Amino acid sequence: MRAANGCSPLFDIFYLSYQEVKGGAEKLDISDFVFRPFRGLWNLSGYVLSRSGAQKLLNLLPVRGPVDLWINQQFDKLKVYASSKPQITQRLDSRSDNSYSVLPVLAKVGVLEDEVPIRYQRKRLKKPVIVFGTQGTGLTSLAMALSMLGYRCCSDVSELPMAEYDNLVGVKRRRVFDAYVNVGGLEDVCIEITKAYPSARFIVTVNSEMKFEEAEREVINAGTVGGDAIALHKIFRLVQRLRQYEGNLLILPMDASNKWRLICEFLDCYPPASDYPALPDQSQRRTRASSSKYGVNHFPRSRRLKFDNSPWIAPLSRNWVGVPTDERKVEEITVIGAQSVRERLCRLDEGLWMLRDDTFPSNLALFKPSNVSSRDDCAAILRLQKRRSGVRDYSAAAICSRQSFLYGGFEAVIRPSNVPGVVTGMFFHRNSPRQEIDIELLGKDTTKLLLNVYYNPGDEGSRFEYGYRGTPVLINLGFDASEGFHRYRVEWSPTGIQWFVDGRLIHKRVNWEPTPIPHLPMQFHVNLWPSRSVELAGKLSDSELPTVSAIKSIELEPRIVEEKGSKRNAG
């Protein structure tokens, strides 16, 4: 797959996804892993195309007849190769519309070696967007939909932080958010906002297409003065006032089948390829002051490293403390019967864990199950060694949970490698959308701990994978982690994340400090790998290999357990 000695590429097209004709394609075997086809390949949907191959295909246009048949007829004019077996299978959980990317698959098999960030293309948005509605009308789903459109969205809180409220009402440029959904206290200033912001837009969510007058009449006839009736009356009054400003108000029925179209036509933007999110409505959480029993001086010294730049990361500011909220209502998402896992690693339970055999672009190694072993003291050993493994020059180790977990307490007792260039990681990860919560020990300096969060918006299956730096912070431990075993713990809830070492809280984040809190199930990982980034982990020297990291135990206390490939359930 590489150019030979600076000459032209060795291939025009390299197929990773195809189906052979019945009886097998006519081909020439090049090795155990690659063949050259002459004809007889269908479903040619996954491939690597060189620059010269692209130019040759352009020169061969136009296409006559079915595309697959036409491409087969061009094989004699092209340098075409294919993997011995298809590396990419057709998705069965969505229609074949080419809207998903093959890049994650190429990254896992090691074809991609350079991790280039996928940057979100910022659009000029109509803003601010203010959204009102009663509980159960799809407010939380709409907040996520606006996030997927590129809005930095504050939602489901009783009131804005005072500084943000002053910046919004005072028309100051230091405003953090572009959209406000189900935020208390904004109803009374909507007219002022309309006058101050010519591009402001207002959305009111309702249960159905029923006219407001009919809904209001039902509320009046019911003779109730309960919370729902009061809220509806307030919304009715607000809508009547906003209707005098033509074009800035959208009534969005929860049962509408074309929500993306209604919203995007109203906001003058394009919908994403992903489905409209379907999330349960969250009630407003009460915002609170950022102060707690853990003040800033309580934590060890830390340093922010370079952050990604995306709509889902709040701009860095010395005075910004996120949107801290009360933990009440958190128990509502707890599934009774979600089982805890306490694992001494004498022998891995294959029903709970799997050993990875893939890689990712910034990893110089390919993970191999043979690099995981157990010692007599019941510690699992992760080994990194210099060994050519197909697409990589090094061989490393990774353990991954078969299940995905959502919220709870998670910890591992680890002694990391102290070899420069090497990373020992304990983290949660998922794709579609990509979200991650990290603890990483860097071999170049094991007196420090790297903590990180990646956030992308959407519901299950949303294809948002932006950014590659995340929001990293480097923490001074005050000791050398490689000299012994220490207990590393993450406590993750809908309103915040806390990191502990040996029972001591060393760092915490609340919502939008600087990202939203990851909200979807993720798998739990522990790994050892060599990094391409000398800046991050130091320069790797082959003379210091092999090296190992040891894991004495893992403890998982999830609130929700999800079997891989299934809907959420109690574990």
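Structure's up top.
Residues numbered from 1 in each chain as written. Predicted model: local features only at pLDDT ≥ 70, side-chain atom pairs only at ≥ 80, totals over all residues. Heavy atoms only, no water.

Peer 1: Explain the overall build of the chain to me, please; I cannot follow it from the model alone.
Peer 2: Assigned secondary structure in the chain consists of 10 helices and 26 strands. Expressed as a percentage of its 571 residues, the buried residues of the chain come to 50%. Within the chain, contacts between residues at least 6 apart in sequence are counted, and of these 75% link residues at least 24 apart. As displayed, the chain offers around 28,200 Å² of accessible surface, 49% of which is attributable to carbon and sulfur atoms. (Helix = DSSP H or I, 4+ residues; strand = E, 2+ residues; numbered from the N terminus. Buried < 20%, exposed > 50% of the residue type's maximum accessible area, 1.4 Å probe, protein only. Contact = heavy atoms within 4.5 Å. Areas by Shrake-Rupley, 256 points an atom, 1.4 Å probe, with all protein chains shown as cover.)

Peer 1: Whenever I open this one, empty space enclosed by the protein confuses me. Can you help?
Peer 2: Where empty space is left can be seen by rolling a probe of water-molecule size over the atoms. Applying the stated criterion across every chain, the model contains two cavities of 30 Å³ or more. There is about 40 Å³ of room inside the largest cavity. As for the largest cavity, its lining consists of Arg304, Ala314, Pro315, Leu316, Ser317, Trp320, Glu513 and Pro514. Here the residues of the lining of the largest cavity are counted per class, giving five nonpolar, one polar and two charged. In this structure, the second largest cavity occupies an estimated 30 Å³ of space. Of all elements in the fold, only β18 (422-430) and β19 (435-442) reach the threshold of two or more residues within the lining of the second largest cavity. Here the lining of the second largest cavity is built from residues that sort into five nonpolar, two polar and one charged. (1 Å grid on protein atoms, 1.4 Å probe; cavity = no way out; pocket = protein on both sides within 12 Å on 5 of 7 lines; lining within 4 Å. Points joined across faces, edges and corners; volume = space filled by probe spheres on them. Nonpolar A, V, L, I, M, F, W, Y, C, P; charged D, E, K, R; others polar.)

Peer 1: Hey, could you run me through a nonpolar patch on the surface in this one?
Peer 2: Together, Leu58, Leu61, Val63 and Val67 make up a nonpolar patch on the protein surface, roughly 340 Å² of accessible area in all. Take leucine 58: it is sitting in helix α1 (residues 51-60). (Patch = residues over 30% accessible without salt bridge, like charges linked within 9 Å, V, L, I, M, F, W, Y side chains within 5 Å. Salt bridge = Lys/Arg side-chain N within 4 Å of Asp/Glu carboxyl O.)

Peer 1: What should I look at first to understand the side chain of serine 482 in this one?
Peer 2: In this fold, serine 482 is placed in the loop between β21 (473-476) and β22 (486-493). Accessibility expressed as a relative area gives 15% for serine 482, which makes it buried. Only 3.4 Å separates the side chain of serine 482 from the side chain of threonine 446, close enough to count as a polar contact. Within polar-contact distance, the side chain of serine 482 engages the side chain of aspartate 480 at 2.7 Å. Look past the residues within four positions of serine 482 in its chain and what remains in contact with it is Arg415, Pro416, Asn418 and Thr446. (Polar contact = N/O pair within 3.5 Å; in protein donor to acceptor, adjacent residues only side chain to side chain.)

Peer 1: Sorry if this is basic, but what is going on with helix α9 (residues 259-267) here?
Peer 2: What sets the pattern is the α-helix's 3.6 residues per turn: residues three or four places apart point alike. Among all positions in α9, only Lys259, Trp260, Ile263, Cys264, Phe266 and Leu267 are buried. Around the axis of α9, the buried residues are gathered within 160° of arc, so they sit on the same side. Contact partners of the buried residues in α9: β6 (129-133), α4 (139-148), β9 (201-206) and β10 (249-253). (Arc of directions from axis to C-beta.)

Peer 1: When you look at the environment of leucine 69 in this model, what are you seeing that I'm missing?
Peer 2: Structurally, leucine 69 can be placed in helix α2 (residues 67-72). On the basis of relative accessibility, which here comes to 37%, the residue leucine 69 falls in the partly exposed class. Along the chain, leucine 69 and tryptophan 42 lie 27 residues apart, while their C-alpha atoms are 7.8 Å from each other.

Peer 1: Would you take a moment to explain the sheet that holds strand β7 (residues 153-157) for this structure?
Peer 2: Two strands in a sheet stick together by hydrogen bonds in their backbones, pointing the same way (parallel) or opposite ways (antiparallel). The strand order across the open sheet formed by five strands is β7-β8-β6-β9-β10, and the pairing between neighbours is parallel. Sheet topology places β7 and β10 at the edges, where each strand pairs with a single neighbour. Across the sheet, the axes of successive neighbouring strands diverge by a mean angle of 15°, strand direction being ignored. Here α4 sits on the sheet and contacts β6, β7, β8 (179-183), β9 and β10; the angle it forms with β6, its principal contact strand, is near 165°. Docked against the sheet, α9 engages β6, β9 and β10, running at close to 175° with respect to β10. (Pairing = 2+ DSSP bridges. Axes fitted to C-alpha atoms, helices over the stretch in contact; angles between N-to-C directions.)

Peer 1: Any chance you could explain helix α5 (residues 162-169) here in plain terms?
Peer 2: All of the buried residues along α5 are Glu164, Asn167 and Leu168. Seen along its axis, α5 keeps its buried residues to an arc of 100°; they face one direction. Among the structural elements, β8 and α6 (190-196) are those in contact with the buried residues of α5. Of the residues flanking the end of α5, it is valine 171, one or two places downstream, whose phi is positive at about 55°.

Peer 1: Would you explain the nonpolar core in this entry?
Peer 2: One broad trend across soluble globular proteins is that nonpolar side chains are buried collectively. Residues Leu449, Tyr488, Trp492, Trp499, Phe524, Ile551 and Ile554 are the most contacted members of the largest nonpolar core, which totals 60 residues. Here this core takes 11 residues from strand β17 (residues 392-415), the largest share from any one element. Ignoring sequence-local partners within four residues, the contact set of leucine 449 consists of Ile439, Glu440, Leu441, Val473, Leu474, Ile475, Leu477, Tyr488, Val501 and Ile506. (Core = buried A, V, L, I, M, F, W, Y, C linked by side-chain atoms within 4.5 Å.)

Peer 1: Teacher, can you tell me more about the side chain of serine 274 here?
Peer 2: Among the secondary structure elements, serine 274 is positioned in the loop between α9 and β11 (302-304). Accessibility expressed as a relative area gives 7% for serine 274, which makes it buried. In this structure the side chain of serine 274 is engaged in a polar contact, spanning 3.0 Å, whose partner is the backbone nitrogen of arginine 463. When neighbours within four sequence positions are excluded, serine 274 is seen to be in contact with Met148, Trp260, Ser462, Arg463 and Phe464.

Peer 1: Looking at this structure, I do not really get the pattern of salt bridges. What am I missing?
Peer 2: Pairs may arise between side chains of opposite charge once their charged atoms sit close together. Scanning all chains against the criterion turns up 17 salt bridges. Residue lysine 448 pairs with aspartate 445 through a salt bridge whose shortest N-O separation is 2.8 Å. In this structure, a network of salt bridges that share partners links the residues Glu411, Arg487, Arg489, Glu491 and Glu557.

Peer 1: Help me out: how do you make sense of the pairing of strand β3 (residues 34-39) in this one?
Peer 2: Looking along a regular strand, one sees the side chains alternate between the two faces of the sheet. Sheet topology places strand β2 (residues 26-29) next to β3; four bridges connect them, and they run antiparallel. Counted as the bridge partner of aspartate 29 is phenylalanine 35 from β3. What sits between the antiparallel neighbours β2 and β3 is a turn of four residues. With two bridges joining them, β3 and strand β5 (residues 80-83) adopt antiparallel strand pairing. Bridge pairing in β5 places phenylalanine 35 opposite alanine 82.

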